[in-house]
Amino acid sequence: QVQLVESGGGLVQPGGSLRLSCAVSGSIFSIYPMGWYRQAPVKQRELVARIASSGRTNYADVVKGRFTISRDNAKNTVYLQMNNLKLEDSAVYYCTVDIPGLGYWGQGTQVTVSS
């Protein structure tokens with residue numbers, strides 16, 4: 001079983017930064033495509049960023065240029081660096097092994113951007 005634990009969320013002012021971390025269990029982390037998703041109240045969960053085992057990345061248009069996804073295979077950890085945060089970035093952020101239908105999610109970490 002794959003287990004994921006997100007951390008790093010919190011309160012931040014518009015224009016501020018946060019770095020989210022996702023610790024992943026298992027010994028084959030390096031082969032997993034990983035993704036960060038977010039869900040705001042009364043909204044669908046949406047893809048924020050994705051990183052393949054090759055290191056190739058994809059970003060939602062609304063975060064492109066502000067967010068950076070990375071992975072440290074030696075630490076079994078995925079990161080999401082979020083800069084220039086906006087009010088609309090407020091959501092619960094989830095980490096997942098980004099394979100459709102697999103259904104492995106962490107508990108989420110709350111990001112609140114407020115002035």
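Higher on the page you've got the structure.
Positions within a chain are numbered from 1, following the residues in the order the chain's sequence is written. Local features in this predicted model are restricted to residues whose pLDDT is 70 or higher, and side-chain atom pairs enter the listing and the counts only when it is 80 or higher, whereas totals over whole chains, interfaces and linings include all residues. To obtain the side-chain values, all non-hydrogen atoms of the structure were included, while hydrogens and water were left out.

Visitor: Got a minute to help me understand the sheet that holds strand β1 (residues 4-7) in this structure?
Guide: Backbone-to-backbone hydrogen bonds join strands into a sheet, with any given pair of strands oriented parallel or antiparallel. Any two strands are treated as partners once DSSP identifies two or more bridges connecting them. Going along the chain from the N terminus, every DSSP run of H or I of four or more residues is numbered as a helix, and every run of E of two or more is numbered as a strand. What the 4 strands build is an open sheet, ordered β1-β3-β8-β7; its pairing is antiparallel. Every other strand in the sheet has two partners, leaving β1 and β7 (67-72) as the edge strands with one partner each. Taken over all neighbouring pairs, the strand axes of this sheet differ in orientation by 15° on average, direction set aside. In terms of strand pairing, strand β3 (residues 18-24) meets strand β8 (residues 77-82) through 6 bridges, oriented antiparallel. When the bridges of β8 are listed, C22 appears paired with V78. For helices, the fitted line uses only the C-alpha atoms of the stretch in contact; every axis is such a line through C-alpha atoms, and the angle between N-to-C directions lies from 0 to 180 degrees.

Visitor: Explanation requested: the sheet that holds strand β10 (residues 109-113) in the structure shown.
Guide: Strand order across the open sheet formed by 6 strands is β2-β10-β9-β4-β5-β6, with mixed pairing between neighbours. If you trace the sheet from one side to the other, it starts and ends with β2 (10-12) and β6 (57-59), each paired once. Recorded for the sheet is a direction-independent mean angle of 25° between the axes of neighbouring strands. Note: strand β4 (residues 34-39) against strand β9 (residues 91-97), 6 bridges, orientation antiparallel. Each residue of the ladder has a partner; that of Q39, found in β9, is V92.

Visitor: Looking at this structure, I do not really get the environment of C95. What am I missing?
Guide: Within the fold, C95 resides in strand β9. For the pair C95 and L11, spaced 84 residues apart in sequence, the C-alpha separation works out to 19 Å. Apart from the residues lying within four places of it in its own chain, the contact partners of C95 are L4, E6, C22, M34, G35, W36, Y104, W105 and G106. For this analysis, residues touch if any pair of their heavy atoms sits within 4.5 Å.

Visitor: What should I look at first to understand the state of the cysteines in this one?
Guide: One covalent bond between the sulfur atoms of two cysteine residues makes up a disulfide. For this text, the term disulfide refers to a pair of cysteine sulfurs within 2.5 Å. Applying the stated criterion across every chain, the model contains 1 disulfide. The disulfide bridge from C22 ends at C95, spanning 2.1 Å between sulfur atoms. Note on the C22 and C95 pair: the S-S dihedral is about -85°, so by sign convention the disulfide is left-handed. Highlighted residues: C22 in strand β3 and C95 in strand β9, separated in sequence by 73 residues. Think of it in three bands: with a 1.4 Å probe and only protein chains considered, a residue is buried below 20% of the maximum accessible area for its type, exposed above 50%, and partly exposed in between. Judged by relative accessible area, C22 falls into the buried class, the value being 0%. Judged by its relative accessible area of 0%, C95 is buried.

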